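Descriptive analysis of the structure
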Amino acid sequence: MSFRTIIEPFKIKAVEPIRLTTQAEREAILERAHYNLFLVRSDEVIIDLLTDSGTAAMSSEQWAGVMRGDESYAGSRSFYFFEETVRDIFGFKHVIPVHQGRAAERILFALLCKPGCVIPNNTHFDTTRANIEYRGGRAVDLPCPELSDTTAPHPFKGNMDTDALERLISEVGAENIPLVMLTVTNNSGGGQPVSMANIRAVSAICRKYGIPLYIDACRFAENAYFIKLREPGYADKTPLEIAREMFSYADGCTMSAKKDGLANIGGFLCTNDDALAQQEKELLILTEGFPTYGGLAGRDLEAIAIGLREVLDEHYLEYRLASTRYLGEHIAREGVPIVQPPGGHAVYIDAGRMLPHIPPLQFPGQSLAVELYRLGGVRSCEIGSVMFAQRDPDTGEERPAPRELVRLAIPRRVYTQSHVDYVVEVILVAHRHREQLRGYRITWQTPFLRHFSCHFEPLSPPSL
Ligand SMILES: *Cc1c(COP(=O)(O)O)cnc(C)c1O
């Protein structure tokens, strides 16, 4: 007998109380935080969907691993356990631990990215783009054309446009492209998966031109399960088998264990290139630590190694994708425009379509994110022109991002269905009075990654 209801495949062993704030309290908090939700304190948030990064609930087995952690400076037992696990799943020769994904990016690009170089990706994550630009390189997004239609339910909208990749290589020359990256799932592109066929095709192009392919592996397990569900020929394979095949087409990867590592901190950098690995370890020692801990405690390495096994459990992945889909379907059914189909780790509301009266450079996504917090204490994240507007290098003029999205990222194993039902209710209330929402103006910002710290001011309602 099999049942229709997909349950959370775990029991709750420790709980953390949620402080229930009032709307008046939240309005004062917003003013104090300059309407930037990154500047709101977590105990002022009721349901925190800001990110799925580092927010997972660890299992009892992971906590047991924390106790077993070997904190030796060199040659820690926990490192060898970690290295063996990563090698077994990802298949790369060299495994370099780092404190989080961007540290892997920084080390990789410090060695491979020279000023003027070009690094394509299906869609660069914000820290990836910033690390490339900081080195004077050009980060180019080559998403497949289906991604720009947020309403089309294509199964693999995270794919890279392989024709565009070929064109870019012939335009700038393979010698100016130190590596190609492929982000699975495509986070900034809506948490959409990349098909095995696309990974294979991108890999074949890279090999033809002698360009290394790196996978940004943050959500590799969610991507593997999407392949199992949606790509012909994979239904009978395990997520582990699918993951191994995905990485077999690449030369290395960057990974944030704060995502599909089910850990609260950590990451790693992998490569099959011996000489590069040596240089990477030298840089690692300079800023992260000795190669058998790389800026992490032994206990973190244990938690990550155990998390990497748990995340590939089929029941976990079934529940994970079902719970994201549940949120997406319940708001879409009531007319809220979302990126279709819902992604693996998050639901993206298309604030550009929901709030057409707010121009992109008045940040409709920010406006909606602030409103969800004001109404219900729900914290989400703008992924639009606050995060990705680009400055014209000649005129200095700001150009809007291609899409104005609000991401509702679901922390792993943290919230139950009733928490999600509450979020649905808050969104539907905001949707009902959407015409009253106003745009914002930035009053202070930093040159890189401004969304983390910039200050906003609400604009006056448009005069009628
Ligand atoms: C989170 C993330 C990163 C960076 O990882 P951190 O651990 O936050 O430094 C890189 N790429 C993608 C796709 C991510 O989601």
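About the criteria used
Residues numbered from 1 in each chain as written. Predicted model: local features only at pLDDT ≥ 70, side-chain atom pairs only at ≥ 80, totals over all residues. Heavy atoms only, no water. Helix = DSSP H or I, 4+ residues; strand = E, 2+ residues; numbered from the N terminus. Buried < 20%, exposed > 50% of the residue type's maximum accessible area, 1.4 Å probe, protein only. Contact = heavy atoms within 4.5 Å. Areas by Shrake-Rupley, 256 points an atom, 1.4 Å probe, with all protein chains shown as cover. Lys, Arg positive; Asp, Glu negative; His and termini not counted. Charge placed at Lys NZ, Arg CZ, Asp CG, Glu CD. Pairing = 2+ DSSP bridges. Axes fitted to C-alpha atoms, helices over the stretch in contact; angles between N-to-C directions. Phe/Tyr/Trp six-rings, centres within 6.5 Å; stacked < 30°, edge-to-face > 60°. Lys NZ or Arg CZ within 6 Å of the ring centre and 35° of its normal. Patch = residues over 30% accessible without salt bridge, like charges linked within 9 Å, V, L, I, M, F, W, Y side chains within 5 Å. Salt bridge = Lys/Arg side-chain N within 4 Å of Asp/Glu carboxyl O. Polar contact = N/O pair within 3.5 Å; in protein donor to acceptor, adjacent residues only side chain to side chain.

It is worth spelling out the overall build of the protein chain at this point. Per the secondary structure count, the protein chain includes 16 helices and 16 strands. Projected onto its principal axes, the C-alpha coordinates of the protein chain cover approximately 65 × 55 × 45 Å. Among the 464 residues that make up the protein chain, the fraction classed as buried is 58%. For the protein chain, restricting intrachain contacts to residue pairs at least 6 apart in sequence, the fraction spanning at least 24 positions comes to 72%. Total accessible area on the protein chain is roughly 19600 Å²; 53% of this is exposed by carbon and sulfur atoms. Each charge class in the protein chain was averaged separately, 49 positive and 59 negative side chains, and the resulting centres sit 2 Å apart.

Strand order in this open sheet of five strands is β2-β8-β7-β6-β5, and the pairing throughout is mixed. At either margin of the open sheet sits one strand with a lone partner, and together these are β2 (94–98) and β5 (180–183). Shown here is a sheet whose adjacent strand axes are inclined to one another by a mean of 15°, direction ignored. Sheet strands in contact with helix α10 (residues 274–287) are β2, β6 (213–216) and β8 (267–271), and its direction is about 20° off that of β2.

Let us now look at the sheet that holds strand β9 (residues 346–350). On the basis of which strands lie adjacent, the open sheet formed by three strands has the order β9-β14-β11 and antiparallel pairing. Every other strand in the sheet has two partners, leaving β9 and β11 (381–383) as the edge strands with one partner each. Shown here is a sheet whose adjacent strand axes are inclined to one another by a mean of 35°, direction ignored. Examined bridge by bridge, β11 and strand β14 (residues 405–409) share three bridges and lie antiparallel to one another. Paired with Glu 382 across the strands is Val 406, a residue of β14. Docked against the sheet, helix α14 (residues 364–376) engages β9, β11 and β14, running at close to 40° with respect to β14.

Quick look at the packing of aromatic side chains now. One pass over the full model with this rule turns up 16 aromatic pairs. Plain terms: the ring middles of Phe 79 and Tyr 80 are 5.3 Å apart, the flat faces sit at 75° to each other, and that makes the pair edge-to-face. Its relative accessible area of 42% is what places Tyr 80 among the partly exposed residues. Here the aromatic residues Phe 79, Tyr 80, Phe 82, Phe 90, Phe 92, Phe 220, Phe 247 and Phe 268 are joined through ring pairs into a cluster of three or more. Geometry around Phe 125 places Lys 259 over its ring, the cationic atom sitting 5.3 Å from the centre.

This part is about a nonpolar patch on the surface. On the surface, Tyr 73, Ile 285 and Phe 290 cluster together into a nonpolar patch covering about 310 Å² of accessible area. Structurally, Tyr 73 can be placed in the loop between α2 (60–68) and α3 (77–90).

Attention now moves to the environment of Arg 77. Within the secondary structure layout, Arg 77 lies in helix α3. Assessed through its relative accessible area of 48%, Arg 77 is described here as partly exposed. The spatial distance from the C-alpha of Arg 77 to the C-alpha of Gly 298 is 8.1 Å, given a sequence separation of 221 residues. When sequence neighbours within four positions are dropped, the list of residues in contact with Arg 77 reads Arg 68, Asp 70 and Glu 302. Within polar-contact distance, the side chain of Arg 77 engages the backbone oxygen of Arg 68 at 3.5 Å.

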